[in-house]
Structures are given as C-alpha cells and as structure tokens.
Amino acid sequence: ASLSGTQVPGPSNAGNWYLLDQVVDYLQPYSDDDQDDLHRSMRPGLLLTGFTGYERRGKVLRHELWTRLLHGHGGASLFWHYTALNPDLTLTEQGRDLAETIGEFRNEGLALLLRGAERENSGIAVHYSLLSVRGQWITDGRIHPHEVSNGDATSAHLKRFHENRHAWVQALTDAGYQFDFLTTEQIEKGKLAGYKVLILPDSIALADQEVAVMRRFVGDGGLLVADVETGLMDGHGRWQAAGRLDDLLGVQRSDVRSTRDELPKVRLRIATERGVARDEVMSASSSLKATTGRPGATGGEVPFLIENRTGSGRSVTLNFWMADYSQLRQSQGQGARLALVHDMLAPAGVRPVAAVRKSDGGALHCSEIVGFRKGSAEFLAILPEPKCTDVGKVTVELPAARHVYDLRAHRALGQLSRVSGTLVAGEPMLYALLAAPPGQLRVDAARGPERPLRARAGETVKFTVQLGSQAGHDAPPSAVHVEVRNPAGRLLDYYTQNLLLINGAAEFALPLALDDEPGQWRVTVREPYTHQTAGADFLVER
C-alpha cells in the first residue's frame, strides 16, 4: 500500500498520519507541517521518498534532499520530469543537481550506510496533537467552500497553533537538540516513558489517558514544558472549568478560554545559566496566576515563566507564544530565546547532540546537528540551511577519541577527540566515528573446480564481499558500491548495484545476458570510509 503526496492534517480532512503510517508501507510525502520529523517518529523505517522538483535547484534543492536523507528518506520522488529534462532530453540545472546529490547518496553507499541506524535523541518529545488541531479550529474557525483542508486560512488560532509548534521544532534544532514527535496514541501506549522532557506546544485539548500519563511522567522525574492554553479542553473539544494540568503546573486561571489573536509584546529580563537574557515575547494570558509555581519572569502583575515541582519532576509554563521565533531567527533576539531554551532543558539532563563551535567561538544558530548509532559506529551530520551564516570553519568536540572518517571526502582523519571542518550552505559535514579502522576489503567469485572462474553467457555468477576488522573489534557497519566492466573496459550501469554488509559480509549474483561479450570481465567493489576498493576477474564464454 502506498500514498502519494501527503497533506497537512486538518480539522475536517480526517488525516491522522499516526494511524495511516501503521498500515501504509510506502509514502511519497511532502515536508509541510513538520512531516519530515513526523513520519520518522511515528514509524521508524517506513519507506519514504519525498516529493521534490517543482522550482527547486541549487542550494535549496540540495538542502531539501540532504535534510530528508537525515530524516529517514531513502530516495526522492520527482514532480514532474519537465523541470529536470530539457526538450532535447538533456538535464536542466535541477536535473544535474538531482543527479549529483542522489548519486552521492547511492553510489557512495551513504543511504545504505544510514539505513537501519538509530537516530540520536536528546531525550526530548514534542506533543503532536490532532485533538488540539480540532480544538483550536472550533475557537474561531469558519467553514468556507474551498478551504476545508488544513483550516489555517479560516482560523487565526489554528494558524498560530501550527506556527507555535513549528517554532519549537526550529528552536530545538537551532539549539543543537534532536527530538521525536509523540502523538496522543503513542503517549497512551506508554512511549513517553523513554524520554526526559515533554513539550506541549499550545496543546489546548488533552484526552483523559494522556493527562494521566503526563502526571505520572512528571511524578517520576520528567520535565513538562507547557504554555498558555494547555489542557483547556478535554479530548472531545469540550471546555473545562480549569486547565486539566493546572494543579500540576502550579497555576490558576480566571478565564478558561482561548487567548486573543493580537496581544502586545512584553520585554522580559530572565536569569539563565549563561547570565541575564533579555527577551521580547508575544504575551498571552493576563488571567494566568501562579499558585504553587514560582515565577521566573514577570511583566507587571503577570507571570511569564512559571516553574513548579511535583514528586521528583518539574514543570515550566510559558505564558507567551513561541510562534514569533521564525522572525527572531533574523535578529539579535534569537540568542536570548535559545539561551532560555537551554536554561529550561539543562536541569533535565538533556544535552545537544554535539558540541560544535564556529571559528569565533560562537554557537551555531541555523544548522541542524544529527547523530546516528549503528552497531559500534556513530555518524554525525551538521547541515546548515541554504542562507545560513554558520558557513565557514567549525570545530566539533567529541566526548572521547574515535577513529574519524570524512564520509564525503572518503578520507581517514585519524584518532581524534576534536574535528575541524568547513560548513557549506545547503550541504552537510558528515563524519563516521569508529572504535577501530576497517580492515581489508575483499570480493571473491564463488568458484567451481576451474580457476579462473569461467561462465557462459546467460548464466548467473555469484560473488561474496567481506570487510575485515581489527583484532578485538567487530567489522564496522558498511555498504559497498559494485561496478561491472566488460572486456572492453566499459562500465555497464545496468549491472551496477549497492550492497549493505551484515557483520562485514554480503553476497550478490550477476545474471549475465545471452549476448554478453566473451572475454575477461571485472567486478569492483568500493567502501565509503576511504574508498578502499577490491576486484575479481572472471571469463565469459559463448
């Protein structure tokens, strides 16, 4: 079962991607509504090839393709071929960019190398609430004949809800963290127990079982980050007499209704681990008061940052929206907001994926840092946005010395605890961190009694591939690119393939055609760490 072109879940289109992802085997999704993070969180390993093409080319196209590879996509679906091909069937600029980037994923083994790898998580879950999509829309939504899909065009509150959640995604990513989305269904099934932090971005509607799980989560030591409208409705969109988690948050409201569309901004002075941060925020509810909670910042009589402790855990309530963060990214205000995010999360024991610094010592602010684990290997990618100012020399501090390989240059950098490199807009630095260097690469034909191997055209020839290991270490996870050349030395792309090595080994078969040329043929395999190659010859007879 497959679905092509995934739309944004709205209040009236019945789109629940968690339920659909459990029964659909293959999606060709868009990235709208944070779907790159959504689908990988809902069903890891689901076959994804996001739709691309359109007007994209250059750095924008490359960044989209790399982002999706790092979010679990195994390829790309192209809409439509006219943007990639000229009328004379030569490649357009977009076609050339697609060929080069997808060719690197495929022919260098990078996509296979990352397949099945476990994506690093900083211990953070972000609530993905379809109940709140409906709850937000009914506060001010209108039914228009041609606007019944995502609802943003007919509901200012729903539009703010989507902007607020995406702002959290951006801020966490900019701050160097990684996270998973958790849906109502996943929380009810107990998946929250594996995380340290749960963020509720404008989650206005909470189901009974969700509320119970969240209470246990905080009582058992978790951090709950809430905001203005948390739990004002139940799972059926019914207004409650009080917020469903207000006692847990240590707050009280005199007006349990959605906040107005336009509210003034307020300047806050907040003490953080890195010093005093001055932040201008989108104020929300003037009716919110602290009870057992401790205000960390106020504006007049109104608290804006309220911390409360329950059991061995705690909660932080933001009496403002994060929805303005996209605009802050273009200003000096971004640093203050990211300092606030770090300050909230650090006591929960969560850390950024990697310690990366620019040449001036400053932190990155528009690059995504993604880590993976696969067996004994770790992989680290640092991907700046197309217009990101993080470009240039950067340094990565590793927790311990590892054998480091530049997977884009296919070069061993040595056993290091500090790695230096250069960020290029729209493309990542990509490193493999190994406990020991890979051993020798070999490819051997499954020989019969004759040597060298002889095969008749039309027969199938079988080969084995092995990547050795250092004494006392397992072979690192790897993939190899296989090329076949005929007696004239011509590369036959239709025999080219890529193999994932399991425990350092793989087998493949070469089904020869009846009209393949007689003579000496050669098979070559190449691994991605240092481009070490190995070859095997065989004879083809009529």
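One can find the structure itself at the top, above this paragraph.
Below: a short report on this structure. (Residues numbered from 1 in each chain as written. Predicted model: local features only at pLDDT ≥ 70, side-chain atom pairs only at ≥ 80, totals over all residues. Heavy atoms only, no water.)

## Some thoughts on the overall build of the protein chain
Across its full length, the protein chain carries 12 helices and 31 strands. Relative to its length of 542 residues, the protein chain is compact, with a C-alpha radius of gyration of 27 Å against a globular reference of 24 Å. C-alpha extents for the protein chain along the principal axes are approximately 90 × 55 × 40 Å. Buried residues in the protein chain amount to 55% of all 542 residues. Across the protein chain, the fraction of contacts at a sequence separation of at least 24, relative to all contacts at a separation of at least 6, is 67%. When the accessible surface of the protein chain is totalled, it reaches about 23900 Å², and 49% of it is carbon and sulfur. Here the protein chain holds 59 positive side-chain charges and 65 negative ones, and the gap between their average locations is 3 Å. (Helix = DSSP H or I, 4+ residues; strand = E, 2+ residues; numbered from the N terminus. Rg over C-alpha atoms; globule rule 2.2 N^0.38 Å. Buried < 20%, exposed > 50% of the residue type's maximum accessible area, 1.4 Å probe, protein only. Contact = heavy atoms within 4.5 Å. Areas by Shrake-Rupley, 256 points an atom, 1.4 Å probe, with all protein chains shown as cover. Lys, Arg positive; Asp, Glu negative; His and termini not counted. Charge placed at Lys NZ, Arg CZ, Asp CG, Glu CD.)

## Points about a nonpolar patch on the surface
Judged by side-chain polarity, Phe-79, Trp-80 and Tyr-82 come together as a nonpolar surface patch covering roughly 360 Å² of accessible area. Mapping Trp-80 onto the fold places it in the loop between β4 (75-79) and α4 (93-107). Since its relative accessible area comes to 45%, Trp-80 is described here as partly exposed. (Patch = residues over 30% accessible without salt bridge, like charges linked within 9 Å, V, L, I, M, F, W, Y side chains within 5 Å. Salt bridge = Lys/Arg side-chain N within 4 Å of Asp/Glu carboxyl O.)

## Regarding the packing of aromatic side chains
Taken as a whole and judged by the stated rule, the model has 15 aromatic pairs. With a centroid separation of 6.3 Å and an interplanar angle of 55°, the aromatic rings of Tyr-495 and Trp-521 are classed as tilted. Here Tyr-495 is found in the loop between β27 (478-485) and β28 (497-501), whereas its partner Trp-521 is found in strand β30 (residues 519-526), with 26 residues between them in sequence. Using a relative accessible area of 8% as the deciding quantity, one classes Tyr-495 as buried. With relative accessibility at 1%, the residue Trp-521 sits in the buried group. A connected cluster of aromatic rings, assembled from ring pairs, spans Tyr-30, Phe-51, Tyr-54, Phe-79, Trp-80 and Tyr-82. Here the guanidinium or amino end of Arg-40 rests over the ring plane of Phe-179, the centre of that ring lying 5.8 Å away. (Phe/Tyr/Trp six-rings, centres within 6.5 Å; stacked < 30°, edge-to-face > 60°. Lys NZ or Arg CZ within 6 Å of the ring centre and 35° of its normal.)

## Some details on unusual backbone geometry
Residues Phe-79 and Trp-80 are joined by a peptide bond in cis, for which omega reads -15°. Unlike most non-glycine residues, Asp-33 shows phi in positive territory, near 60°. Tracing the backbone through its elements, the reader meets Asp-33 in the loop between β2 (26-28) and α2 (35-42). What makes Asp-33 buried here is its relative accessible area of 15%. The phi dihedral of His-410 is positive, around 55°, even though this residue is not glycine. Locating His-410 in the fold gives a position in the loop between β21 (392-406) and β22 (411-423). Residue His-410 is classed as buried on the basis of its relative accessible area, which comes to 10%.

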